[in-house]
There are 2 protein chains.
Amino acid sequence: MTIKEEMEALGRARLMGIAERWYDQLVEGQIPSISLPTRTKHNIEYDDASEVWKYGDRESVRSAQTAKGASHLLKMAYVIGFLKQQLAENRSSTLREMYYISEGWKGAKFGAQDESNRVVEDLEILTDIQREIYHLRPEEDGASIFGPIRIREKTRRGVQEIHCQDNVGETGYQIPNNVDALEFLDHDAKFVIALETGGMYARLIENGFDEEYGAALVHLKGQPARSTRRLLKRIHEEFGLPVVVFTDGDPWSYRIYASVAYGSIKAAHMSELLATPQAQFIGVQPSDIRDYDLPADHLSEQDVAALKAELTDPRFATDYWREQIALQLQMGLKSEQQAFAARGLDFVTREYLPARLSEMGVL
Amino acid sequence: MTIKEEMEALGRARLMGIAERWYDQLVEGQIPSISLPTRTKHNIEYDDASEVWKYGDRESVRSAQTAKGASHLLKMAYVIGFLKQQLAENRSSTLREMYYISEGWKGAKFGAQDESNRVVEDLEILTDIQREIYHLRPEEDGASIFGPIRIREKTRRGVQEIHCQDNVGETGYQIPNNVDALEFLDHDAKFVIALETGGMYARLIENGFDEEYGAALVHLKGQPARSTRRLLKRIHEEFGLPVVVFTDGDPWSYRIYASVAYGSIKAAHMSELLATPQAQFIGVQPSDIRDYDLPADHLSEQDVAALKAELTDPRFATDYWREQIALQLQMGLKSEQQAFAARGLDFVTREYLPARLSEMGVL
């Protein structure tokens, strides 16, 4: 069995285990229930072993004692049945499709997709298996990688071996939804740089930054999809390559870095699979806005509120971030990564990135 | 010279022509000016020859008589110089980067990116050359194609020949920004189906719809980028393949179809390059919502307003659209393309699409 098949078998067994437990509870005259960690910022704890943020001990119990709880367990039972069928038939579907499929589930029909997504997250936590293994896709992904890395992908049309510089178009290799269906064969890279915007990704490709510095370029497309974070994690682990993250210089972009490095609150149960704690933030740093006198916009009220929220976010509880965020609040400014273009189209690849990379000990 | 090089030489000459005309105007003691077609829905006319909607005769003149007009021409002069340099150095940049580069243009600095984008559109109209030829990129593109089509792409690393089924990952071939740098070599397709959502694109790939029906699948990613529309136009013209468009069943999605078939008001000056007048709308039709009893949402006030606006949009001035829009306003409902999943994951590829395609005479 391949790792993928083993994971699927394990997932199937654990899904069935949830239903069996309900059966036993009923047989023993108990009320069927499940218990899940509370999913709030206050129930996230740093795990020394894995170096990522995970849910703490606070749990909330859902039982069939109330009509609301019973309906929740009923819906979960239908989803378990649906996923079991997908695994049996080797089919897949989007989260949106599953929501529509519930139209046929009578009393277990979902009122909104948030609700069905939530049940999927619950099942990920209960089985400790990510939804990709159950063949559940998000709507969109389409992030890309361009660099000296050779991968093997099993597609419906057989196995493809693709070199992410030599066998791809100028936009690179598009990351599939289930990264665990990929094999990373070999590479000639020194580090991985993850980029928030398509503009900067194209800039580094055009300037030949990948060749000159042995960089594997990954386009995050804003807040990265799970598949993109999983890819970064696997490249880091399997090739032992350093990962740096280059985003805009605003509070929302810092959260993009945080989700790569420490995982997101929403998917804290997947942190070990998705997070790359060793990933370093390269910029745009508030101090860069000052030091390079970058074109900047004034912080909006929402920006200021987001920065202040980050000061209480465990993922930003370091001296580095406290200083940078304090500086930004004091300056009242934010800059985009493409603002470096004000100093010429080559400045970012000839001056800024090399300087930062050696400063960070990557080059 | 390749077609691309010829276009670039032509573009360069026409850009210079604008500046030369200003020079001559000054020498002759006239006030420098440019005149452009008025860009509103009311100045769009159907062009029988090309079968697309284009700007009519209404023109607005911009002259240096006023400080505002003079500053506009100054900025345009700087952009012309910048594009001339990009062509000379074979460099490219994003619209965003050009906006930032104007930081160094003193009095010609743009106040916002809308303004610099607008000047680029003006230059496209004045030179009748699209910005891609001047190496100006948008921020993002990343739409994809999956199907029996073989293309040749010239990249920084040499020429790649790619079969869009056999040499790509499961997400297909990512469409580059400048489609005119591609050659379409040969194909084994019967038609092209353009899809609004990534969910439906993945559904058709998983269900093997491309193989079973000889379909080339194009993911529009919502309102399609110019590169995606250019690709559809070229495949239709060069391979003589029918193009059908499959979107959600709401007024915003009908505009996606309209921009593929008739061009957009914003880019009416590019209609001949971007629009595929023979493209047919496959669905989701309001009558489908009724006939298939699809899961639907109620129309919002904005939806109703948008539908009514479409009744006065020349691009929707056909009996077919009047009937469908009238029916939708009467039902007060809209459905997404993935709503077909309520009838099972195969319904859309086994029942709906084949029925519609033969109805439309494509199959």
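Right above here is the structure, for reference.
To keep things clear, this report deals only with the structure shown in the data block. Quick caveat: nothing in here was measured; it's all calculated off a predicted structure.

### Digging into the nonpolar core
- Ile 193 and Phe 246 of chain A together with Ile 193 and Phe 246 of chain B are the most contacted members of the largest nonpolar core, which has 203 residues in total.
- If we ignore the near neighbours within four places in the chain, the residues touching Ile 193 of chain B are Leu 204, Phe 209, Ala 215, Ala 216, Leu 217, Val 218, Val 244, Phe 246 and Leu 353 of chain B.

### Comments concerning the pattern of salt bridges
- Applying the stated criterion across every chain yields a total of 58 salt bridges over all chains.
- As a salt-bridge pair, Arg 91 of chain B and Asp 346 of chain A come within 2.9 Å of each other at their nearest N and O atoms. Remark: Asp 346 of chain A occurs in the loop between strand E17 (333–334) and helix H13 (347–359) and Arg 91 of chain B occurs in the loop between helix H2 (67–89) and strand E5 (93–94); the pair is interchain, linking two chains.
- With relative accessibility at 17%, the residue Arg 91 of chain B sits in the buried group.
- Three or more residues joined by partner-sharing salt bridges are found here, namely Arg 91, Glu 97 and Arg 137 of chain A together with Arg 203, Glu 206, Asp 346 and Arg 350 of chain B.

### Brief notes about the packing of helix H11 (residues 301–311) of chain A against helix H12 (residues 319–331) of chain A
Residues and elements named next belong to chain A.
- It is at 10 Å that the axes of H11 and H12 come closest, and there the two elements cross at 155°. Taken together, the axis directions place H11 and H12 in an arrangement best described as roughly antiparallel. Here the hand of the crossing between H11 and H12 comes out left-handed. Here H11 contributes Val 304, Leu 307, Lys 308, Glu 310 and Leu 311 to the contact with H12, which in turn contributes Arg 322, Ile 325, Gln 328 and Leu 329.
- Here the residues of the contact of H11 with H12 sort into five nonpolar, one polar and three charged.

### Topic: unusual backbone geometry
Residues and elements named next belong to chain A.
- Of note, the bond from Gly 283 into Val 284 is cis; its omega dihedral lies within 30 degrees of zero at 5°.
- The residue Val 284 is located in the loop between strand E15 (280–283) and helix H10 (286–291) in this model.
- For Lys 221, which is not glycine, the phi dihedral falls at a positive 55°.
- Mapped onto the fold, Lys 221 is located in the loop between strand E13 (215–219) and helix H7 (226–239).
- The class of Lys 221 is partly exposed, set by a relative accessible area of 24%.

Calculation notes
Residues numbered from 1 in each chain as written. Chains lettered and ligands numbered in written order. Predicted model: local features only at pLDDT ≥ 70, side-chain atom pairs only at ≥ 80, totals over all residues. Heavy atoms only, no water. Core = buried A, V, L, I, M, F, W, Y, C linked by side-chain atoms within 4.5 Å. Buried < 20%, exposed > 50% of the residue type's maximum accessible area, 1.4 Å probe, protein only. Contact = heavy atoms within 4.5 Å. Salt bridge = Lys/Arg side-chain N within 4 Å of Asp/Glu carboxyl O. Helix = DSSP H or I, 4+ residues; strand = E, 2+ residues; numbered from the N terminus. Axes fitted to C-alpha atoms, helices over the stretch in contact; angles between N-to-C directions. Parallel < 35°, antiparallel > 145°, perpendicular 65-115°, else oblique. Left-handed = near helix turned anticlockwise from the far one by under 90°. Nonpolar A, V, L, I, M, F, W, Y, C, P; charged D, E, K, R; others polar.

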